[in-house]
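# Descriptive structure summary
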Amino acid sequence: MIKLTLLHPLQSIPVRSWIFEDEQVVRIGRSTENHVVLFSAVVSRRHIELRRSGITWELINLGTNGTYLDGKPIAKVPVVDGLIVHLARSGPKIQINVSPNQSSVQLGLLSVKPRDAKAIHAPLEGAQISTIPISDQKEVGTSREEEDLTEAESNRHYSEESEAEAEKEEEY
């Protein structure tokens, strides 16, 4: 599984997320043919591609304005959990989270709420017990604030530098 999260440009809080369970390739860019579509003048039609190889992922830059990791341009990097990249210098920030395929692992796990932990009786050699804190409140959908941030990010006008980068991209 791979999870992509668009981060707020100033506060680095999640704005929108996408989860892909069985994809071998995930494409991000401005074109509506991508898995993740970002409407930004500095994002290329096909900006980055994430490719799965076994249980690992790699990120490949395809964008004219580049993809940046810690302020440095990258061409191709292995993806580690929590990786944050910028699409172009002044473009959107994407956080990438990866986890191994959960289907085979979940068969051997038993998850309980902390208050139920005493009720479990199983031989230690055959069981794995995970305690997961569960909130009594259920979150459904997105908040109006998240929707406003997503819409604001989509409609955001970038600085003159960004516009210059976009014009440069269009010349190619």
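Each helix and strand counted, the protein chain has three helices and 13 strands in total. Counting contacts in the protein chain only where the partners sit at least 6 residues apart, residues at least 24 apart contribute 37% of the total. Accessible surface, the protein chain as shown: approximately 11500 Å² in total, 50% of it carbon and sulfur.

Here the focus is the sheet that holds strand E10 (residues 83–87). The strand order across the open sheet formed by six strands is E2-E1-E11-E10-E7-E8, and the pairing between neighbours is antiparallel. If you trace the sheet from one side to the other, it starts and ends with strand E2 (14–20) and strand E8 (72–74), each paired once. Within this sheet the neighbouring strands show an average axis-to-axis angle of 35 degrees, counted without direction. Bridge count for strand E1 (residues 2–7) against E2 is six bridges, and the pairing is antiparallel.

It is worth spelling out the environment of Pro92 at this point. As for its placement among the helices and strands, Pro92 is situated in the loop between E10 and strand E11 (93–98). Taking the C-alpha atoms as reference points, Pro92 and Ser40, 52 residues apart in sequence, are found 7.9 Å from one another.

Below, the discussion takes up the pairing of E1. Across the six residues of E1, five count as buried, placing the element largely inside the fold. Two successive antiparallel strands, E1 and E2, enclose a turn made up of six residues, where Ser12 displays a positive phi of approximately 55 degrees. The sheet contact formed by E1 and E11 spans six bridges and is antiparallel. Note that in E11 the partner of Leu7 across the bridge is Lys93.

Right, let's talk about the sheet that holds strand E5 (residues 48–53) for a bit. In spatial order, the strands read E4-E3-E5-E6-E9; together these five strands make up an open sheet with mixed pairing. Single-partner strands in this sheet number two, and they are strand E4 (36–37) and strand E9 (76–78). Bridging between strand E6 (residues 56–61) and E9 involves three bridges; their strand directions are antiparallel. Its bridge partner lying in E9, Leu59 is registered against Val77.

A full pass over the atoms with the stated rule returns four salt bridges. Across the pair Glu49 and Arg27 runs a salt bridge, and its minimum N-O distance is 2.9 Å. With Glu49 in strand E5 and Arg27 in strand E3 (residues 25–29), this pair connects stretches of sequence that are 22 residues apart. Look at Glu49 and you get buried, because its relative accessible area is 3%. Two residues, Glu49 and Arg46, come together in a salt bridge whose shortest N-O distance is 3.0 Å. The partly exposed category is assigned to Arg46, whose relative accessible area is 43%. One connected set of salt bridges, linked through shared partners, spans Arg27, Arg46, Glu49 and Arg51.

Ranked by internal contacts, the top residues of the largest apolar core, which has 23 residues, are Leu4, Leu50, Leu59 and Ile96. With residues near it in sequence (within four places) discarded, Leu50 still touches Ile2, Leu4, Gln24, Val25, Val26, Ile28, Trp57, Glu58, Leu59, Val79 and Ile96.

Bringing unusual backbone geometry into the picture now. In the Ramachandran plot, Ser12 falls in the positive-phi region, its phi being about 55 degrees despite a non-glycine side chain. Note on placement: Ser12 falls in the loop between E1 and E2. Look at Asp70: it is not a glycine, yet its phi comes out positive at around 55 degrees. Of note, Asp70 is situated in the loop between strand E7 (67–69) and E8. Classification of Asp70 as exposed rests on a relative accessible area of 71%.

Reading the values: rules and limits
Residues numbered from 1 in each chain as written. Predicted model: local features only at pLDDT ≥ 70, side-chain atom pairs only at ≥ 80, totals over all residues. Heavy atoms only, no water. Helix = DSSP H or I, 4+ residues; strand = E, 2+ residues; numbered from the N terminus. Contact = heavy atoms within 4.5 Å. Areas by Shrake-Rupley, 256 points an atom, 1.4 Å probe, with all protein chains shown as cover. Pairing = 2+ DSSP bridges. Axes fitted to C-alpha atoms, helices over the stretch in contact; angles between N-to-C directions. Buried < 20%, exposed > 50% of the residue type's maximum accessible area, 1.4 Å probe, protein only. Salt bridge = Lys/Arg side-chain N within 4 Å of Asp/Glu carboxyl O. Core = buried A, V, L, I, M, F, W, Y, C linked by side-chain atoms within 4.5 Å.

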